[in-house]
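Here are the chains, one letter per residue:
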Amino acid sequence: MKQDNCIFCKIANGDIPSRTVYEDADFRAILDLGPATEGHTLILPKEHAANLYEMPDELAAKVLPVAKKVAALLKDRLGCAGLNLVQNNGELAGQTVMHFHLHLIPRYENDGQTILWKPTEPGADELDAVLKKLS
Ligand code: 5GP
Ligand code: ZN
């Protein structure tokens, strides 16, 4: 189902034009308007899901094969040396458009980007406590 006020629903379904690099029955992959690097691409499902939690399993299962295709295209045509997959869920995690999207960010030597986190150093007890919560 499309959501009327969702810009990515409109883009994914072709109601708003976009720079489409890949399309199939379920997804459209488009160039990001504010690219981190050359070729920064977003994979959008045509069906609305706000985030990963809302994605139906069958649709979620189709995302990575599409990412592989687009990743191969980016490597082949742009010659990127690496690739980051980024997928933000929720405002706190940096999500600004509330329609699921997977970022493919090609990486180049000296591209000036850092897509990293600051590692912490928990003790074994802390890690065990987390594991207990998740078990
Ligand atoms: P988020 O922060 O939600 O994970 O990522 C949203 C991304 O969508 C940003 O990288 C932003 O540049 C991109 N974006 C936002 N609006 C548009 C748009 O209308 N068209 C395209 N192609 N990209 C957009
Ligand atoms: Zn949507």
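Predicted, not measured: the structure shown is a model, and the values here were computed from it. (Residues numbered from 1 in each chain as written. Chains lettered and ligands numbered in written order. Predicted model: local features only at pLDDT ≥ 70, side-chain atom pairs only at ≥ 80, totals over all residues. Heavy atoms only, no water.)

A. Representation of the site of ligand 1. Taken together, 16 residues surround ligand 1, and among them Asp32, Gly94, Thr96, His101 and His103 come closest. In this structure, Asp32 approaches ligand 1 through a side-chain N or O atom, which is 2.5 Å from an oxygen atom. Between ligand 1 and Thr96 there is a distance of 2.7 Å, counted from an oxygen atom to a backbone nitrogen or oxygen. Contact with the protein chains covers 79% of the free accessible surface of ligand 1, which is 520 Å². Mapped onto the shell around ligand 1, the elements with two or more residues apiece are helix H1 (7–12) and strand S2 (27–31). Ranked by residues supplied to the shell around ligand 1, first place goes to H1 with 3 residues. (Near = heavy atom within 4 Å. Polar contact = N/O pair within 3.5 Å; in protein donor to acceptor, adjacent residues only side chain to side chain. Areas by Shrake-Rupley, 256 points an atom, 1.4 Å probe, with all protein chains shown as cover. Helix = DSSP H or I, 4+ residues; strand = E, 2+ residues; numbered from the N terminus.)

B. Quick peek at the side chain of Lys46. Of note, Lys46 is situated in the loop between strand S3 (41–45) and helix H2 (57–78). Side-chain polar atoms of Lys46 contact the backbone oxygen of Asp24, separated by 2.8 Å. Sequence-distant contacts of Lys46, that is, excluding residues within four places in its chain, are made with Lys2, Ala12, Asn13, Glu23, Asp24, Ala25, Asp26, Phe27 and Arg28. (Contact = heavy atoms within 4.5 Å.)

C. Geometry of the coordination of the zinc ion (ligand 2). For the zinc ion (ligand 2), every protein donor is listed as Cys6 (SG), Cys9 (SG), His48 (ND1) and His99 (ND1), and the spread of their distances is 2.0 to 2.3 Å. Classification of the site at the zinc ion (ligand 2) as tetrahedral follows from its 4 donor atoms and the range of 103 to 116 degrees in their angles at the metal. Written as a sequence motif, the donor residues of the zinc ion (ligand 2) are C-x2-C-x38-H-x50-H. Taken as a pair, Cys9 in helix H1 and His48 in the loop between S3 and H2 lie far apart in primary sequence, 39 residues in all. (Donors = N, O, S within 2.8 Å, 3.2 Å for Na, K, Ca; no water. Tetrahedral: all angles 85-135°; square planar, octahedral: opposite > 155°, others 65-115°.)

D. Main features of the sheet that holds S2. Ordered by their spatial adjacency, 5 strands build an open sheet running S1-S2-S3-S5-S4, and the pairing between neighbours is antiparallel. Edge positions in the sheet fall to strand S1 (20–23) and strand S4 (82–86), since each has one partner strand and no second. For this sheet, the mean inter-axis angle between neighbouring strands, taken without regard to orientation, is 20 degrees. Here S3 runs beside strand S5 (residues 102–107); their pairing, made up of 3 bridges, is antiparallel. Opposite Leu42, over in S5, you have His103 as the bridge partner. Each of S1, S2, S3, S4 and S5 is contacted by H2, which is oriented at about 20 degrees to S5, the strand it contacts most. (Pairing = 2+ DSSP bridges. Axes fitted to C-alpha atoms, helices over the stretch in contact; angles between N-to-C directions.)

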